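This is what each chain is made of:
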Amino acid sequence: MNGKPKQPAPARVTDLVERHNKGAQIVCQTEFDILPVDFQHRSNPFTAYIFLCRYSGSVDGEAFVFRKCYARGCPNNLCPHVSRAVLIANRYLQRDYHRMETAGIAIDKRLFSLEDMMVKFDRQQESSGPPMAIHDYVHLAAEGNEIAVAPDLEFVPAVEHFERLETKTVFLMADFAVTCLGRTHHYERCLACYTADREAVEKSEKIRVANERLRLLYRDLEDAGATVNERYFA
């Protein structure tokens, strides 16, 4: 076979910098979003809002897209409040912009806007429609409704900010596209996470935990009569 083997698409800012340093042509744009995600904190489940930057573009003409979480905000005291999370997100976003700029990658240095994020936060809080919990869809399926579930799985890098401490974390995220009553809704859930610095030690075990949680969810959905396109982390 002629030519170089195809490299995997970048999944981190570090990947973009490394590929650029090896001579690749990088084109990159950013887009921001805020999403509600269910987390498990020890024995206490809670919902937080994560601040995501979606990086997309091309490496030597090959398209890529990945997301990075820059902060987590809560309306309770389990993590920084949403308004403070915007400031934290921008702090870490500017670090990544500096890394990319220093490497020579052109990037539009837009920041999270407190006004825009609060508008999106309010919309999330006030949103109506089917219940945004996966087991509510189990109940709907058991009542005879046609439910189809298509999960999209992703490793999402993040910087978690605590009191005088920052930790690089990777979230194992599932975005469930649920088609119900003629409409498709998205429900995001964090199934596991590991410390980036301990990836070699923790990743395989966290993948096992995430896949076991997926397996139980799929079983509940299918037992209730839902159609599920089963996918697992690898």
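Model, not experiment: these values are computed from the prediction.

Visitor: Is there a simple way to think about the overall build of the protein in this case?
Guide: When helices and strands are counted, the protein shows 5 helices and 7 strands. Shown N-terminal to C-terminal, the secondary structure of the protein runs as helices and strands in the order α-β-β-β-α-α-α-β-β-β-α-β. Per-residue burial over the protein gives 44% buried out of 234 residues. Residue pairs at least 24 apart in sequence account for 56% of intrachain contacts in the protein once pairs closer than 6 positions are excluded. About 13300 Å² of surface is accessible on the protein, with carbon and sulfur atoms providing 48% of the total.

Visitor: Looking at this model, I keep getting lost on the nonpolar core. Mind explaining?
Guide: The biggest cluster of nonpolar side chains holds 31 residues, and the ones touching the most others in it are L16, F51, Y55, Y70, M100 and F112. At 10 residues, helix α2 (residues 82–103) tops the list of elements feeding residues into this core. Judged by nonpolar contacts, the second largest core, of 28 residues, contains I134, A141, Y194 and A226.

Visitor: What should I look at first to understand the packing of aromatic side chains in this one?
Guide: Centre-to-centre distance and the angle between the planes together describe a pair of aromatic rings. Under the defined criterion, the tally for this structure stands at 8 aromatic pairs. Ring geometry for Y55 against F66: centres 5.2 Å apart, planes inclined by 20°, an arrangement best described as stacked. One end of the pair, Y55, is in strand β2 (residues 44–59); the other, F66, is in strand β3 (residues 62–73), and 11 residues separate them in sequence. On the accessibility criterion, F66 (4% relative accessible area) is buried. The lysine or arginine in question, K203, covers the ring of F155, its NZ or CZ lying 4.9 Å from the ring centre.

Visitor: Where do I start with the state of the cysteines in this structure?
Guide: In a disulfide, the sulfur atoms of two cysteines are covalently bonded to one another. Overall, the coordinates contain 0 disulfides when judged by the stated rule. Take C28: it sits in no disulfide, and the sulfur closest to it among the cysteines is that of C53, at 7.6 Å.

Visitor: How should I be thinking about the side chain of D15 in this particular structure?
Guide: Of note, D15 is situated in helix α1 (residues 13–21). D15 gets classed as buried once you look at its relative accessible area, which sits at 17%. Among the polar contacts made by the side chain of D15, one reaches the main-chain amide nitrogen of A11 at a distance of 2.9 Å. Within the local environment of D15, its side chain forms a polar contact with the side chain of R12, the two groups lying 2.7 Å apart.

Visitor: Looking at this structure, I do not really get the packing of α1 against α2. What am I missing?
Guide: Pairs of packed helices are described in terms of their axes, by the angle between the two and the distance that separates them. For the pair α1 and α2, interaxial distance at closest approach is 10 Å and the crossing angle is 5°. Relative to α2, the element α1 is oriented roughly parallel. Counting all contacts with α1, which are made through V13, T14, L16, V17, H20 and N21, the residues of α2 involved are D96, R99, M100 and A103. Among the residues forming the contact of α1 with α2, the class breakdown is 5 nonpolar, 3 polar and 2 charged.

Visitor: Got a minute to help me understand the environment of Q25 in this structure?
Guide: One can find Q25 in the loop between α1 and β1 (26–41). In the structure, Q25 is positioned 80 residues away from I105 in sequence and 8.7 Å away in space, judged by C-alpha atoms. Here Q25 is in contact with S58, V59 and D60, once residues within four sequence places are set aside.

Visitor: What is the right way to look at helix α5 (residues 199–223) in this model?
Guide: Each α-helix winds once per 3.6 residues, and so residues spaced three or four apart point in a common direction. Taking 1.5 Å per residue, 25 residues should reach 36 Å; α5 reaches 35 Å between its end C-alpha atoms and fits that length. For α5, the full list of buried residues reads E202, I207, A210, N211, L214, L217, Y218 and L221. Where α5 ends, the next residue or the one after it, G225, has phi of about 105°, a positive value.

Visitor: In this structure, what is going on with the pattern of salt bridges? I would like to understand it.
Guide: Pairing between side chains of opposite charge can happen when their charged atoms approach one another. Counted according to the given criterion, the structure contains 14 salt bridges. One salt bridge in this structure joins E31 and R54, with 3.7 Å as the shortest N-O distance. Of this pair, E31 sits in strand β1 while R54 sits in strand β2, and the two are 23 residues apart along the sequence. Overall, E31 belongs to the partly exposed group, its relative accessible area being 46%.

The rules behind each value
Residues numbered from 1 in each chain as written. Predicted model: local features only at pLDDT ≥ 70, side-chain atom pairs only at ≥ 80, totals over all residues. Heavy atoms only, no water. Helix = DSSP H or I, 4+ residues; strand = E, 2+ residues; numbered from the N terminus. Buried < 20%, exposed > 50% of the residue type's maximum accessible area, 1.4 Å probe, protein only. Contact = heavy atoms within 4.5 Å. Areas by Shrake-Rupley, 256 points an atom, 1.4 Å probe, with all protein chains shown as cover. Core = buried A, V, L, I, M, F, W, Y, C linked by side-chain atoms within 4.5 Å. Phe/Tyr/Trp six-rings, centres within 6.5 Å; stacked < 30°, edge-to-face > 60°. Lys NZ or Arg CZ within 6 Å of the ring centre and 35° of its normal. Disulfide = S-S within 2.5 Å. Polar contact = N/O pair within 3.5 Å; in protein donor to acceptor, adjacent residues only side chain to side chain. Axes fitted to C-alpha atoms, helices over the stretch in contact; angles between N-to-C directions. Parallel < 35°, antiparallel > 145°, perpendicular 65-115°, else oblique. Nonpolar A, V, L, I, M, F, W, Y, C, P; charged D, E, K, R; others polar. Expected span 1.5 Å × (residues − 1). Salt bridge = Lys/Arg side-chain N within 4 Å of Asp/Glu carboxyl O.

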